[in-house]
Amino acid sequence: MLLCFVAVKAQAVEMADEMRSSGKIYVVIGTIVIVFAGLAIYLFSIDRRLKKIEKEK
Amino acid sequence: MKFIYQTWWKVLAVVIIFYTLVAGFLLGVPRLPILHETIRNTYFHVPMWIAMFTVFTISVIYSIKYLQSGKEEHDLIAVEAANTGIFFFVLGLITGMLWAKYAWGEYWSNDPKQNSAAIAFLLYCAYLVLRNSIDEEQKRAKISAIYNIFAFPVMVVLIMVLPRLTDSLHPGNGGNPAFGKLDMDDRMRIVLYPAFIAWALMAVWIATIRYRIRLIEYKKNAIN
């Protein structure tokens, strides 16, 4: 009985459950992963170019 | 090959961040009023500060090393680590302010931790101003190294110690434990702690790139 009450109370806090069940959360994850992938590739390419310049010295 | 030129830890940082991006949005979090889904900000806001602490620590280590060795390279590492730290400092402040608007009602509510973080920010801005105000190279390196050694512990006390002694809106202050049972559980820890490591590595990576550019500039100026 008490456990049941706790469970109901926890469920009462509004979270983005619908976004999760509809799968739209994957759209958000996809977007930020693409953005971060782009930034990571960019950083790696800066690193590579820097290595080239360091070798010339 | 020296650590800063190796690739494996840069790949590691990127891979772990990808993990936190996916797991941070998919894994469950405690259902808390007021915070709701914004509790996930923890995965991104707090690591900015961890990243800042990491590069500021490196900065002060190399400031000490500079005073021992007098090598110009050590001073260059110290200044570029501090520059990167200030960048993550700004990110931490801005993300915190945005979150505060929705959790506490104001961008800036003069919370003790916010205020002391702002003071610590000025402390490090003063480091850069001090550097730029001295023309002579060795004098600049020496004075700013000493300043850095004093600024670092003051910054740690301002951000980590003083807010905990009074009431603060931040968790972990005024008696409630940071990352305690109330606001965090193990589902969050398996995302948060890897995020700490990854963003710390990320900050180190950016600092090393800045240092390597600075080193090339320095060598070029030394020849001419």
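In what follows, the structure referred to is the one given above.
Below: a short report on this structure. (Residues numbered from 1 in each chain as written. Chains lettered and ligands numbered in written order. Predicted model: local features only at pLDDT ≥ 70, side-chain atom pairs only at ≥ 80, totals over all residues. Heavy atoms only, no water.)

Turning to the overall build of chain B, a few remarks are in order. Counting its regular elements, chain B contains six helices and zero strands. Ordered by position in the sequence, the α and β elements of chain B form the string α-α-α-α-α-α. Whereas a compact globule of 224 residues would reach a radius of gyration of roughly 17 Å, chain B reaches 19 Å, a difference of no more than 12%. With respect to the principal axes defined by its C-alpha atoms, chain B has extents near 60 × 40 × 25 Å. The long-range share in chain B, meaning contacts at least 24 apart out of those at least 6 apart in sequence, stands at 73%. (Helix = DSSP H or I, 4+ residues; strand = E, 2+ residues; numbered from the N terminus. Rg over C-alpha atoms; globule rule 2.2 N^0.38 Å. Contact = heavy atoms within 4.5 Å.)

This part is about the interface of chain B and chain A. Contact residues are listed per partner, giving 28 residues for chain B and 26 residues for chain A. Summed over both sides, the interface of chain B with chain A buries roughly 2500 Å², with 73% coming from carbon and sulfur. As a salt-bridge pair, A:Asp47 and B:Arg212 come within 3.4 Å of each other at their nearest N and O atoms. Our enumeration of links across chain B and chain A arrives at eleven residue pairs in polar contact (both at pLDDT 80 or more). Residue assignment for the side of chain B that touches chain A shows that the elements contributing at least two residues are α1 (8–26) and α6 (186–223) of chain B. Taken together, the residues that form the side of chain B that touches chain A break down as 20 nonpolar, two polar and six charged. (Buried area = accessible area lost by both parts, 1.4 Å probe. Salt bridge = Lys/Arg side-chain N within 4 Å of Asp/Glu carboxyl O. Polar contact = N/O pair within 3.5 Å; in protein donor to acceptor, adjacent residues only side chain to side chain. Nonpolar A, V, L, I, M, F, W, Y, C, P; charged D, E, K, R; others polar.)

Residues and elements named next belong to chain B. The first and last C-alpha atoms of helix α5 (residues 137–165) sit 41 Å apart over 29 residues, in line with the 42 Å expected at 1.5 Å per residue. Within α5, the axis deviates most sharply at Leu-158, by approximately 40 degrees. Looking at α5, one finds that the buried residues are Ala-141, Ser-144, Ala-145, Asn-148, Ala-151, Phe-152, Met-155, Leu-158, Ile-159 and Pro-163. Against the buried residues of α5 lie α2 (42–69), α3 (72–103) and α4 (112–132). (Expected span 1.5 Å × (residues − 1). Bend = angle between axes of the 7 residues up to and from the residue. Buried < 20%, exposed > 50% of the residue type's maximum accessible area, 1.4 Å probe, protein only.)

Residues and elements named next belong to chain B. Two numbers describe how α2 lies on α3: the axes approach to 7 Å, and their chain directions differ by 160 degrees. In terms of orientation, α2 lies roughly antiparallel with respect to α3. The chirality of how α2 crosses α3 is left-handed. Considering only residue class, the contact of α2 with α3 consists of 19 nonpolar, eleven polar and three charged. (Axes fitted to C-alpha atoms, helices over the stretch in contact; angles between N-to-C directions. Parallel < 35°, antiparallel > 145°, perpendicular 65-115°, else oblique. Left-handed = near helix turned anticlockwise from the far one by under 90°.)

Residues and elements named next belong to chain B. Between the first and last C-alpha of α4 there are 31 Å, a value that for 21 residues agrees with the 30 Å anticipated at 1.5 Å per step. Buried residues of α4: Lys-113, Gln-114, Ser-116, Ala-117, Ala-120, Tyr-124, Tyr-127 and Arg-131, and no others. Summarising the contacts, the buried residues of α4 are in contact with α2, α3, α5 and α6.

Turning our attention to the environment of B:Leu192. Residue position: B:Leu192 is located in helix α6. Through-space distance from the C-alpha of B:Leu192 to that of B:Pro47 is 7.9 Å; in sequence the pair is 145 residues apart.

Now for the nonpolar core. One finds B:Met52, B:Phe56, B:Phe89, B:Met155 and B:Trp199 to be the most contacted residues of the largest nonpolar core, which totals 46 residues. Of all elements in the fold, only α3 (25–56) of chain A together with α1, α2, α3, α4, α5 and α6 of chain B reach the threshold of two or more residues within this core. Broken down by element, this core gets its largest block of residues, eleven residues, from α6(B). The contact partners of B:Phe89, leaving out residues within four places of it in the chain, are B:Trp49, B:Met52, B:Phe56, B:Ala117, B:Ala120, B:Phe121 and B:Ile159. Listed in part, the 13 residues of the second largest apolar core include A:Val13, B:Ala23, B:Val29 and B:Val191. (Core = buried A, V, L, I, M, F, W, Y, C linked by side-chain atoms within 4.5 Å.)

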